[in-house]
Amino acid sequence: MDQIATGQPLSARHLAGEEDFALGFATTAELDPLSDWPGQDRALEALRLAAGTDHGDFNLYVLGTPGTGRHSATRQVLAEAAARRPPPPDRVYVNRFDDPRRPIAIELPPGRAVELRDALRKVVNDLADDIPAIFESEDYQTRRRAIEDSYSERHEQAMGVLADAARARGVAIVRTPMGFGVAPRKGDEILPPDEYEKLPQAERERIGAAIDAVRAQLEDVLKDVPRGLKAQRAEVEELNIAMAREGVDAALADALGRFADHPSVTRHLQALREDLIDNAELFLIREDGAQAGAFPVATSRHHLKPQFRRYAVNVIVGQDPDQASGAPVIEESLPTLANLIGRIEYASDQGTLVTNFTMIRPGALHRANGGFLILDAMQVLTEPLAWDALKRSLKSGEVAIYSAGERFSLISTETLDPDPMPLKLRVVLVGDRRLYYLLAEFDPDFGRLFKLEADFDDRMERSADSALLLARLIGTMARDDGLRPVAADGVARLLAESLRLADDGERFGLNLAALGDILREADHIARASGADAIGRDDVEAAIAAADRRAGRLRERSQEAISRGLLLIDTDGARVGQVNALSVLEIGKTRFGRPGRVSARVRMGAGKLVDIEREAELGGPIHSKGVMILSGYLAGSYAPDLPFSLWASLVFEQSYGGVEGDSASAAELFALLSALADLPIDQSLAVTGSVNQFGEVQAIGGVNEKVEGFFDTCAARGLTGRQGVLIPVSNVPHLVLRPRVRDAMDAGRFRVIPIATVDEGIALLTGRPTGVRGGNGAFPPDSVNGRVEARLIGYAEARQRFGQKPSPSETDG
Amino acid sequence: MSAPVSTVRVILSATCLAEAEAALPLATGLAAEAGAALAGVLIEDADNIALALAGAARFVDPAGRMLAGLDPARMGAAYARDAARFERLLARAATAAALSWSFRHTQGRLAEALAGIAAPGDLLVLPAGPMRAPLREIVLAAGADAALAPLAEAAAARLSRPLRRLAAPDLAQLGAGSVLFSQFEAQRLAALLAGTRCIHVLRS
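What counts and how
- Residues numbered from 1 in each chain as written.
- Chains lettered and ligands numbered in written order.
- Predicted model: local features only at pLDDT ≥ 70, side-chain atom pairs only at ≥ 80, totals over all residues.
- Heavy atoms only, no water.
- UniProt positions renumbered as here; feature names shortened; annotations may be inferred.
- Helix = DSSP H or I, 4+ residues; strand = E, 2+ residues; numbered from the N terminus.
- Contact = heavy atoms within 4.5 Å.
- Buried area = accessible area lost by both parts, 1.4 Å probe.
- Salt bridge = Lys/Arg side-chain N within 4 Å of Asp/Glu carboxyl O.
- Polar contact = N/O pair within 3.5 Å; in protein donor to acceptor, adjacent residues only side chain to side chain.
- Buried < 20%, exposed > 50% of the residue type's maximum accessible area, 1.4 Å probe, protein only.
- Phe/Tyr/Trp six-rings, centres within 6.5 Å; stacked < 30°, edge-to-face > 60°.
- Expected span 1.5 Å × (residues − 1).
- Bend = angle between axes of the 7 residues up to and from the residue.
- Pairing = 2+ DSSP bridges.
- Axes fitted to C-alpha atoms, helices over the stretch in contact; angles between N-to-C directions.
- Core = buried A, V, L, I, M, F, W, Y, C linked by side-chain atoms within 4.5 Å.
- Domains from an automatic or database assignment.

Enquirer: Could you clarify how one ought to interpret the UniProt feature "domain: Lon proteolytic" (unreviewed entry) in chain A in this entry?
Expert: The UniProt record marks residues 572-767 of chain A with the feature "domain: Lon proteolytic" (unreviewed entry), using the residue numbering of this structure. A distance of 15 Å separates the end C-alpha atoms of residues 572-767 of chain A, which is 34% helix and 30% strand.

Right, here's the structure in full:
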């Protein structure tokens, strides 16, 4: 780039543009794919450290501007690291038989959770067939009958002996609704009471004694019945347990053998064995009535029956043993509390909510355990309790499942308290910078738990190498998205647009999403025209179309100027009036717009009135800029006299807020024009801030501002005199649209860099600024001379007003 | 030789609910097998009522505790309760087996009452008196009505119990777990009931 001369119009060769890129290829099809992210070395280094280290708390926050490749880079780096890691263990929940409220967590080698689940399903299915068969077997029936018979025979024999003894003693035992009756007998029948009364006293006493004896024995026999039944039940129970034990041991032998080297599983299988034996009757429940259904339950799926859920294995994390490789990389797009730490589901049973360990569902922390979890920072922070739960899990190194309702004591139904599962994973939060700094400032846990930051840059220094890297990236994006290759001139146009996105001719913008959008739209245009590659015109058309789509407000603004609703002069000269430039940014729309700044002056007490601030339309930075003007004026002119100026400054027809100091140079020029009473050339517009020494400083949005004034002038007809004064330090930032560059090349529009206020006011008024001579005074006809003269005049006038009137004047 | 009369009713007679409950499944099974109606008879035995008046008689409840202060009114009330429950149980069992049923609550001496109720073709089921035992065997007395044999065989198969055919059963040897299928003889009924402890199925 040539040396920049201030005060002179720039030519297009001074500006960054697509012409700068000499790319040595025809299309991107010739380029090697790029799997990296150019310009993001710092962020990628942090990502790789987070992915590679095993240290706890080296969790990562990926920050940067959206579109800079944060997500894709994070995914790829983590996926590569995960592939090199061993697969994490499987994890299951099983029933704690002595306290079902507290399910047991068990860790298994990868792929064995499903094996355990299937093994226990088989145990249940087998027992559902075997146990009924055992209890219906001839062997069991015989043994049980033998027990029952032994007790009933004992009772029967006792009753028989008693009945014989009673008969021998002339006493009958009969059954009545009230129980047993013992009475004197006569032959085969009861002795009628009247006959009994006629018997001799001695005979009645003998019979009475016999009756009492039989009655006492009968009482003993009957009292022995419950004891016998109890003993019989106990003996049958023992038989049942012995028979069930045989079946259970046979069914469990295979599972016990396969998991013999896993103590926690073995412990569970032993507890399960005891429970199966104790509750063998569960396998004897017959499905009768409505539940039986029209078709019998498949014999191989007994484990689905509700009574056998207690023996199930709830696989929380299970892997296919044939496909298990590498650690997981989980991305949870909806990180609610339940989606993070898992949840306990409930079912309605006769109006009551019930649950069990099979209704525990895993969360993202379970699924990512042993690997990586990618979360959107904003999502985690805005989901109730999610951030708290994430921090709690990372701090404790385990995942405990609870619900929000439980946390706030909103539910009172019976719930579970499952064993927490050990947690070892790397959490990667992806978010914007502001959130990162807020967390770092206000959450003391954040810095401890997220020790790493991957800061994705949004710009990259421009060089031949970086241009080629970006070209390869563009080629890779086209290839990955199934687009046409991009021709060299198309790449050059995209690179120029990348500079434009960075607002800097010396830096490439790294908003890959924006470049990708342009690329896809250009491919669409190229396809319509039947081109094999995306060319420069396709890219240009895509950019222009995007500008047009977003250009409604810009067009309305220009329309207001061209219709005279917004007063902007683009020719002629006016005192105390200058064209300033501002940038409006609404959504994706960003455009420059000229506005008129005017100044009025008179004698006063050194007050510079910023009407924007007085009307509370000006922001603090704008007010600061205006105050700097006072410093410049006071220090530059008539330093020996009181500053006796009253001046007002305003953005004409501005009804919204004004912020920033980029108009302070324009305000100063309006002020100087008013003080010097010299008109300002209205074909020029000004942008830039000033300091107290009169140096013009860089501002933002220079491209949009220049283009905004250009469009206004172009709508009225370019005269060749029109142009924009910009800070010379902004020249490297100029990446102007082709229409402006073309006009500059043709001498129909000017962009003039300035370094000082003096340069600017000279260009605007067409008068020399003037420097102090040997006598310390400015040349009288110079701008500065006229300004100083005016200020001296104000000071003297003020002094006169301040003098006491002479006696002659007062006496009249 | 006349053709065997088909079974019209299976009559389950009892003097209390406990007896009826024990023999109800057997009676229901026989009725279903024979395609007969199921009839229940609770006989309020005069001897039992008389017991309540006899100063020498003693009563012991099923749990082995002596009962005092019994009178005919309490005994009558107990019979009424047993009759009501017997009828309910009988109705439920008959309905479940799709049998028609009837119930009667009568008074008198057992043997005389049964003789009055039984008609040709009826099958009387008489419980085993005060003795209680699980069913162990089915005994078919030789010379019984030809219609009894298939019923005895069916009962043995249904209850999974052995069937014995005895030419001259020694009644004293048959315990409360035996079910004896034989011919009904009204004049010998009292002696039969007094001299045996088994369940009787008598063909009238």
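What follows picks up the thread again.
Enquirer: Honestly, the interface of chain A and chain B in this entry has me stumped. Any pointers?
Expert: Interface size is commonly expressed as the accessible area that is lost once the parts come together. Facing the 35 residues of chain A at the interface are 42 residues of chain B. For the pair chain A and chain B, the summed buried area comes to about 3,300 Å², and 61% of that belongs to carbon and sulfur atoms. Contact with chain B buries area across many residues of chain A, yet R175, P177 and M178 of chain A alone supply 26% of it, more than any other trio. Counting every contact that joins chain A to chain B gives four salt bridges. Between E153 of chain A and R136 of chain B there is a salt bridge, and its shortest N-O distance comes to 3.9 Å. In this assembly, chain A and chain B are joined by seven residue pairs in polar contact (both at pLDDT 80 or more).

Enquirer: So what exactly am I meant to see when it comes to the UniProt feature "active site" (unreviewed entry) in chain A here?
Expert: Residue and element names in this part refer to chain A. UniProt's feature table lists "active site" (unreviewed entry) at S662 and K705, given in the numbering used throughout. A maximum C-alpha distance of 10.6 Å among these annotated residues, which run over 44 residues, shows that they cluster at one spot. Counting through the fold element by element, S662 comes out in the loop between strand 24 (645-651) and helix 22 (664-676). Residue classification places S662 among the buried residues on the basis of a relative accessible area of 16%. Take K705: it is sitting in helix 23 (residues 702-716). Filtering out sequence-adjacent residues up to four positions away, K705 remains in contact with L581, S582, V583, G592, S662, T687, I699 and G700.

Enquirer: Is there a simple way to explain the packing of aromatic side chains in this structure?
Expert: Two descriptors summarise a pair of aromatic rings, namely the distance from one centre to the other and the angle between the planes of the rings. The full count for this structure, using the stated rule, is 16 aromatic pairs over all chains. When the ring of F446 of chain A is compared with that of F450 of chain A, the centres are 5.4 Å apart and the planes differ by 20 degrees; the resulting orientation is stacked. You can call F446 of chain A buried: its relative accessible area is 2%. Geometrically, the ring pair formed by F86 of chain B and F103 of chain B is edge-to-face, given 5.2 Å between the ring centres and 80 degrees between the ring planes.

Enquirer: Please clarify how helix 1 (residues 17-34) of chain B should be interpreted in this entry.
Expert: Note: α-helices contain 3.6 residues per turn, so residues at a spacing of three or four share the same orientation. All names here are of chain B. Helix length check: helix 1 (18 residues) gives 24 Å between terminal C-alpha atoms against 26 Å at 1.5 Å per residue, within 8%. Taken as a whole, helix 1 carries its principal kink of about 45 degrees at A23; the proline P25 stands between one and four residues after it. Within helix 1, the full set of buried residues consists of L17, E19, A20, A23, L24, L26, A27, T28, G29, L30 and A31. At the exit of helix 1 stands G35, carrying a positive phi of roughly 70 degrees.

Enquirer: Sorry if this is basic, but what is going on with the side chain of T15 of chain B here?
Expert: Among the secondary structure elements, T15 of chain B is positioned in the loop between strand 1 (9-14) and helix 1. Beyond its immediate chain neighbours, meaning those up to four positions away, T15 of chain B contacts R175 and P177 of chain A together with L42, I43, D45, N48, Y79 and L110 of chain B.

Enquirer: Just to check I follow, could you spell out the sheet that holds strand 8 (residues 163-166) of chain B for this structure?
Expert: Within a sheet, neighbouring strands are paired by backbone hydrogen bonds and run either parallel or antiparallel to one another. Residue and element names in this part refer to chain B. Reading across the sheet, the eight strands line up as 5-2-1-6-10-9-7-8 and stay open at both edges, with mixed pairing between neighbours. Among the strands making up the open sheet, the edge pair consists of strand 5 (101-108) and strand 8. Neighbouring strand axes in the sheet, compared pairwise and without regard to direction, differ in orientation by 20 degrees on average. Where strand 1 and strand 2 (residues 37-45) come together, six bridges link them in parallel fashion. Within the sheet, the bridge partner assigned to L12 lies in strand 2 and is G40. Packing against the sheet, helix 3 (residues 72-96) makes contact with strand 1, strand 2 and strand 5, and its axis sits at approximately 170 degrees to strand 2.

Enquirer: In this structure, what is going on with helix 3 (residues 112-136) of chain A? I would like to understand it.
Expert: Given a rise of 1.5 Å per residue, 25 residues ought to cover 36 Å, and the 36 Å separating the end C-alpha atoms of helix 3 of chain A matches this to within 8%. Within helix 3 of chain A, the axis deviates most sharply at L127 of chain A, by approximately 30 degrees.

Enquirer: How should the nonpolar core be read in this particular structure?
Expert: One recurring pattern in soluble globular proteins: nonpolar side chains tend to sit buried together. Residues L47, L60, L495 and L519 of chain A are the most contacted members of the largest nonpolar core, which totals 57 residues. Of the residues forming this core, the biggest block, seven residues, is contributed by helix 15 (residues 464-480) of chain A. Structurally, this core is a two-domain feature, drawing no fewer than three residues from each of domain 1 (24-39 + 460-549) and domain 2 (45-86 + 326-456) of chain A. Filtering out sequence-adjacent residues up to four positions away, L47 of chain A remains in contact with L60, V62, A73, T74, V77, A454 and F456 of chain A. Membership of the second largest hydrophobic core comes to 51 residues, among which are A36, L123, V125 and L151 of chain B.

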